[in-house]
Amino acid sequence: MAKAPILTPQADDFPRWYQDLINKAELADNGPVRGTMVIRPYGYGLWERMQQEMDARIKEAGASNAYFPLFIPQSYLTREAEHVEGFAPELAVVTHGGGKELEEPVVVRPTSETIINDYFSKWVQSYRDLPLLINQWANVVRWEMRPRVFLRTTEFLWQEGHTAHATYEDARDYAAYIHKEVYADFMINVLGIDVVLGRKTPKERFAGAINTLTLEGMMGDGKALQMGTSHELGQNFAKAFNTSYLSKGGRQELVWQTSWGSSTRMVGGLIMSHGDDNGLRVPPRLAPVQAVVLAIKGDDAVIAKVREIGDQLKAAGVRVQVDDRTDTPFGRRAVDWELKGVPVRIEVGPRDLENGTAMLARRIPGGKEPVRIDELVGMLPKVLEEDQALLLAQSRERRESRTTDVKTIEEAAEAAVAGGWARIPWADLGPEGEARLAEQAVTVRCLVGEDGSVPESDDAPGAIAIVARAY
């Protein structure tokens, strides 16, 4: 009788495969309150690496980290009508504290535009105070009706950037810079996901924004996942909170603003973009552990050699872990590391030691081959870069092969329902066609130019709508 697979095959049940992988790779558990999650150490290690890479890019963009309160007075949200209307169904509201009813209910932050604007209005006095560029790493709460770990949870972790500028052009350009140089650079070159950069339609735009820029990734089942967004807020919040400055000409002017965010949803995107029926495949540039050195048996010489190899790789800048837990069967340990998607396994046993070799197992392309131990340090960086490039190429090939150019609304819906993306001229679709697609749970993910660029406006000539089912 054939052994039952460790994971439900993707082709049989993609959602079940996703949940199996999260459990078996020890990434997360469901929390005690519906829609919450407990992120386990290996899953949090992935998020920490994402934070490190993103934080460096955010600081390179000139923003500084700060922190704002979790609780926001309910009255703050009502000051920007479109914003509160957009978030109303998702709000968690606290009415009692310290055993007493609160004089004013407080909202557990769904996002921080309102409270940050209250402080921006105090901190910004003159044009000399601009631009003001702030980011925070925090948790937010949006009451989720259909939760799924990492993808849609009631509480999740994220970064949210908030900026104030003297001119519309400066704010517009900064939102675009974050979109391309921070988010796209990280997602393409570190996560290895070939995201599409586009502009949201007015229907899909962030509540309170005048423009939303998005990054959409195709998952292994052909659905789209919004990986991050950068918003031009115009002067909507500045008007509501009187966030103004004294210009060089001596006039009081309202600031122009942006906000932008990415979250632990990217962990879900990583799983669904690169995972296979054997588990995760983690891009080497992201991986908390790029290589694991395994002792096959508890031989003293073997243990000494795997630790020596680990020290050499660490000195060479490789993120490495030594697995010398020989009281646990080797096969079980190898499967566990494969499930976790560590890019490279270096396996050493007594016979390998006699031959001066180790078995090199590459998770991303698959396969094993013996290599000389004294060549490992020199060859591993090249191997890791090859595998990083392979993941990105596979992501791009999947998106391109499963994207169809269509001319009608019916063809667009058919392509999306079949598990792919459709490209249709926005002029042929329009808001009416977008509404018809929504009846079939199909959405316009973004608008792109004919050349793949980001359109300058919602009605830019030649704009193409990317249509798909989405998470």
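Going by the structure above, here's the rest.
Residues numbered from 1 in each chain as written. Predicted model: local features only at pLDDT ≥ 70, side-chain atom pairs only at ≥ 80, totals over all residues. Heavy atoms only, no water.

1. Re the side chain of Arg363
Take Arg363: it is sitting in the loop between strand 18 (357-362) and strand 19 (368-372). A distance of 3.4 Å separates the side chain of Arg363 from the backbone oxygen of Gly279, its partner in a polar contact. Within the structure, the side chain of Arg363 is placed 3.1 Å from the backbone oxygen of Leu280, a separation counted as a polar contact. Apart from residues lying up to four places away in sequence, Arg363 is in contact with Asp276, Asn278, Gly279, Leu280, Arg281, Glu338, Gly341, Val342 and Pro343. (Helix = DSSP H or I, 4+ residues; strand = E, 2+ residues; numbered from the N terminus. Polar contact = N/O pair within 3.5 Å; in protein donor to acceptor, adjacent residues only side chain to side chain. Contact = heavy atoms within 4.5 Å.)

2. Notes on the pattern of salt bridges
Within this structure, the stated rule accounts for 32 salt bridges. Linking Glu216 and Lys200 is a salt bridge whose minimum nitrogen-to-oxygen distance equals 3.1 Å. With Glu216 in strand 10 (residues 211-218) and Lys200 in the loop between strand 9 (196-199) and strand 10, this pair connects stretches of sequence that are 16 residues apart. Here Glu216 falls in the buried class, since its relative accessible area comes to 0%. (Salt bridge = Lys/Arg side-chain N within 4 Å of Asp/Glu carboxyl O. Buried < 20%, exposed > 50% of the residue type's maximum accessible area, 1.4 Å probe, protein only.)

3. Focus: the sheet that holds strand 5 (residues 92-97)
Overall, antiparallel pairing links the three strands, which are arranged 4-6-5 in an open sheet. Because the sheet does not close on itself, it has two edges, and the strands there are strand 4 (71-73) and strand 5. Strand-to-strand twist across the sheet, computed as the mean angle between neighbouring axes with direction ignored, equals 50°. Of the pairings in the sheet, the one linking strand 5 to strand 6 (residues 100-108) comprises five bridges and is antiparallel in character. (Pairing = 2+ DSSP bridges. Axes fitted to C-alpha atoms, helices over the stretch in contact; angles between N-to-C directions.)

4. A short note on the packing of aromatic side chains
Counting across every chain of the model gives 11 aromatic pairs. Ring plane angle 65° and centroid distance 5.5 Å describe the contact between Tyr168 and Trp256, whose orientation is recorded as edge-to-face. In this pair, Tyr168 sits in helix 6 (residues 168-189) while Trp256 sits in strand 14 (residues 256-263), placing the two residues 88 residues apart along the sequence. Counting every residue linked through ring pairs, the aromatic cluster contains Phe68, Tyr119, Phe120 and Trp123. The residue whose ring lies beneath Arg79 is Tyr76, and the NZ or CZ to ring-centre distance is 5.8 Å. Sitting above the plane of the Tyr471 ring, Lys223 keeps its charged end 5.0 Å from the centroid. (Phe/Tyr/Trp six-rings, centres within 6.5 Å; stacked < 30°, edge-to-face > 60°. Lys NZ or Arg CZ within 6 Å of the ring centre and 35° of its normal.)

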